[in-house]
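What follows is each chain in one-letter form.
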Amino acid sequence: MILVLASIIAVFLAGSTCGIFAMLVIGIHAEERRVMRSRSHPSRTDSSRAGAVSRRLLTTRTCDEAPTRVPAGR
């Protein structure tokens, strides 16, 4: 019984991981298509939700690019 339960959990986790990876790949391709379209049509700047999520997930920031924090007023 424990082996069956462990197998079900493993299949669920593997499916979830593959689903997240697939959405990330779809978002990357959507963002690439958007950038290519915006080069040929400068007025278009629309972004898909998958593109925005993948951009947010894959964005790297340095200390220079990070937004400044407002100190707490205590």
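Residues numbered from 1 in each chain as written. Predicted model: local features only at pLDDT ≥ 70, side-chain atom pairs only at ≥ 80, totals over all residues. Heavy atoms only, no water.

**A closer look at the overall build of the protein chain**
Reasoning step 1: Looking only at helices and strands, the protein chain has two helices and zero strands in total.
Reasoning step 2: Counting every atom, the protein chain has about 6900 Å² of accessible surface; 66% of that belongs to carbon and sulfur. (Helix = DSSP H or I, 4+ residues; strand = E, 2+ residues; numbered from the N terminus. Areas by Shrake-Rupley, 256 points an atom, 1.4 Å probe, with all protein chains shown as cover.)

**Focus on the UniProt feature "transmembrane region" (unreviewed entry) in the protein chain**
Reasoning step 1: Cross-referencing UniProt, the feature "transmembrane region" (unreviewed entry) maps to residues 6-30 in the present numbering.
Reasoning step 2: Between the end C-alpha atoms of residues 6-30 there is a gap of 36 Å, over a span that is 100% helix and 0% strand. (UniProt positions renumbered as here; feature names shortened; annotations may be inferred.)

**A short note on a nonpolar patch on the surface**
Reasoning step 1: Side chains of L5, I9, F12 and L13 sit close together on the surface and give an oily, nonpolar patch of about 430 Å² of accessible area.
Reasoning step 2: Following the sequence through the fold, L5 ends up in helix α1 (residues 2-40). (Patch = residues over 30% accessible without salt bridge, like charges linked within 9 Å, V, L, I, M, F, W, Y side chains within 5 Å. Salt bridge = Lys/Arg side-chain N within 4 Å of Asp/Glu carboxyl O.)

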